[in-house]
Amino acid sequence: MRALRHAPAYVLLAAGAVISVVPFLWMLTASTHTTADLFARPLPILPGGEFWRNLGRLQEQTGFAQVMLNSVLIAVIYTVFSSAVSVLAGYGLAKFRFRGRGVMLAVVLGTMMIPMQVLLVPLFQMMASAGWIDTYQAVILPFLANAFGIFLMRQAFLDFPDTIVEAARIDGAGELRTFYRVVLPVARPQLAALLIYTFVSQWNAFIWPLLMLNTEDKYTIPVALNTMIGLSRVDYSGLMLGSLLATLPLLLLFLVFQRQFVSGLLGGAVKG
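Cut-off values and rules
Residues numbered from 1 in each chain as written. Predicted model: local features only at pLDDT ≥ 70, side-chain atom pairs only at ≥ 80, totals over all residues. Heavy atoms only, no water. 1 Å grid on protein atoms, 1.4 Å probe; cavity = no way out; pocket = protein on both sides within 12 Å on 5 of 7 lines; lining within 4 Å. Points joined across faces, edges and corners; volume = space filled by probe spheres on them. Helix = DSSP H or I, 4+ residues; strand = E, 2+ residues; numbered from the N terminus. Expected span 1.5 Å × (residues − 1). Buried < 20%, exposed > 50% of the residue type's maximum accessible area, 1.4 Å probe, protein only. Core = buried A, V, L, I, M, F, W, Y, C linked by side-chain atoms within 4.5 Å. Contact = heavy atoms within 4.5 Å. Phe/Tyr/Trp six-rings, centres within 6.5 Å; stacked < 30°, edge-to-face > 60°. Patch = residues over 30% accessible without salt bridge, like charges linked within 9 Å, V, L, I, M, F, W, Y side chains within 5 Å. Areas by Shrake-Rupley, 256 points an atom, 1.4 Å probe, with all protein chains shown as cover. Salt bridge = Lys/Arg side-chain N within 4 Å of Asp/Glu carboxyl O. Polar contact = N/O pair within 3.5 Å; in protein donor to acceptor, adjacent residues only side chain to side chain.

**Q** Is there a simple way to think about empty space enclosed by the protein in this case?
**A** Any space left empty among the atoms is revealed by the rolling of a water-sized probe across them. Considering all chains together, one arrives at one cavity of 30 Å³ or more under this definition. In this structure, the largest cavity occupies an estimated 50 Å³ of space. What lines the largest cavity is Ser71, Ile74, Ala75, Gln202, Trp203, Ala205, Pro209, Thr220 and Pro222. Among the secondary structure elements, those contributing two or more residues to the lining of the largest cavity are helix H5 (64–95) and helix H12 (188–203).

**Q** When you look at H12 in this model, what are you seeing that I'm missing?
**A** Spacing of three or four residues puts side chains on the same side of an α-helix, whose turn is 3.6 residues. For H12, which comprises 16 residues, the first-to-last C-alpha distance of 22 Å matches the rise-based estimate of 22 Å (1.5 Å per residue) to within 8%. Among all positions in H12, only Gln190, Leu191, Ala192, Ala193, Leu194, Ile196, Thr198, Phe199, Gln202 and Trp203 are buried.

**Q** How do you make sense of the nonpolar core when you look at a structure like this?
**A** Considering soluble globular proteins, one finds that nonpolar side chains tend to be buried as a cluster. Counting residues in hydrophobic clusters, the biggest one holds 30 residues, and the most contacted among them are Trp203, Ile221 and Leu225. Where this core is concerned, the elements lending two or more residues are H5, helix H7 (116–130), helix H8 (136–140), H12, helix H13 (207–212), helix H14 (221–226) and helix H15 (236–270). It is H5 that provides the largest number of residues to this core, a total of six residues. Not counting residues within four places of it along the chain, the set of residues in contact with Trp203 comprises Met68, Ser71, Val72, Ala75, Ile221, Pro222, Ala246, Pro249 and Leu250. Counting residues in each nonpolar core, the second largest holds 15 residues, with Tyr91, Leu152, Val183 and Ala187 among its members.

**Q** How should unusual backbone geometry be read in this particular structure?
**A** Most peptide bonds take the trans configuration, and most residues that are not glycine carry a negative phi. In this chain, Arg41 is followed by Pro42 through a cis amide linkage whose omega measures 0°. For Pro42, the location among the structural elements is in the loop between helix H3 (35–38) and helix H4 (51–62). Even without being glycine, Asp134 reaches a positive phi, approximately 70°. The topology assignment puts Asp134 in the loop between H7 and H8.

**Q** Could you clarify how one ought to interpret the packing of aromatic side chains in this entry?
**A** For any pair of aromatic rings, geometry is given as the distance between the ring centres together with the angle between the planes. This model, assessed by the stated rule, comprises nine aromatic pairs. For the ring pair Phe51 and Trp52, a centre distance of 5.1 Å and an interplane angle of 85° mean the geometry is edge-to-face. The class of Phe51 is partly exposed, set by a relative accessible area of 25%. Overall, Trp52 belongs to the exposed group, its relative accessible area being 67%. Where Phe148 meets Tyr197, the ring centres are 4.6 Å apart and the plane angle is 50°; that geometry is what we call tilted.

**Q** Honestly, a nonpolar patch on the surface in this entry has me stumped. Any pointers?
**A** Nonpolar side chains collect at one region of the surface, where Val72, Leu73, Val76, Ile77, Val80 and Phe81 lie side by side and expose about 470 Å² of accessible area between them. Looking at where Val76 falls in the secondary structure, it is placed in helix H5. What makes Val76 partly exposed here is its relative accessible area of 40%.

**Q** Looking at this structure, how should I read the side chain of Asp235?
**A** Summarising the element assignment, Asp235 is placed in the loop between H14 and H15. Judged by its relative accessible area of 2%, Asp235 falls in the buried class. At 3.1 Å, the side chain of Asp235 and the side chain of Ser237 are in polar contact. At 3.1 Å, the side chain of Asp235 forms a polar contact with the backbone nitrogen of Gly238. Aside from chain neighbours lying at most four places away, what touches Asp235 is Thr35, Arg57, Gln61 and Met228.

What follows is the structure in structure tokens.
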């Protein structure tokens, strides 16, 4: 009887799962056909035999192997340093009492309401003045302080007992040791969620890398795939294959850490 009561929910969840998988199946199928095949009637529903030819053309047009390496390098460096900033700032806002703490938190959260487009011109001028155009530091540094990450980690640290922190200080532990040995291990689910979110956001970044990077050998995946869209012709099969290869690392990352990701976001959401 209980299973029957929940049957409509199971049906809806199953339908949602199928709908979510369909775009990936189509992307996989389209990457094994020519662009002409994708506009044929009826549409191909089974994989074709053009995968390796499309892969060779993708590598020839974009240098996809180098582009993938560039994206991995930028995303990993950004994730490490941005997460470190978020963790330390969140800890400071949660456990240190100082004048203006509430105002600082409000300012941090307020930056989430500023559209990215508003920041492009002043940030571009700053990078140009520093001589950083067409460099990786121009892609990474301006967005290291992530408001969402700071807020997530602050929420994770809020419920940690202050008495334990004080006890560690009384025992002679320094501030960094107290943070690293005592406080941070408790927030591992939220930290895992932050790492995944930060990596994915940088991996998918398009507008800012497009403005900063001028050399093809330095392109990230979204920027490189954009070069396959011409004025009169679009290589849809190559785009599908490139998008598929770019999606696989993210799927693998989420499948491995999905439990920590979900528990981390939920844990940060319910704390006061």
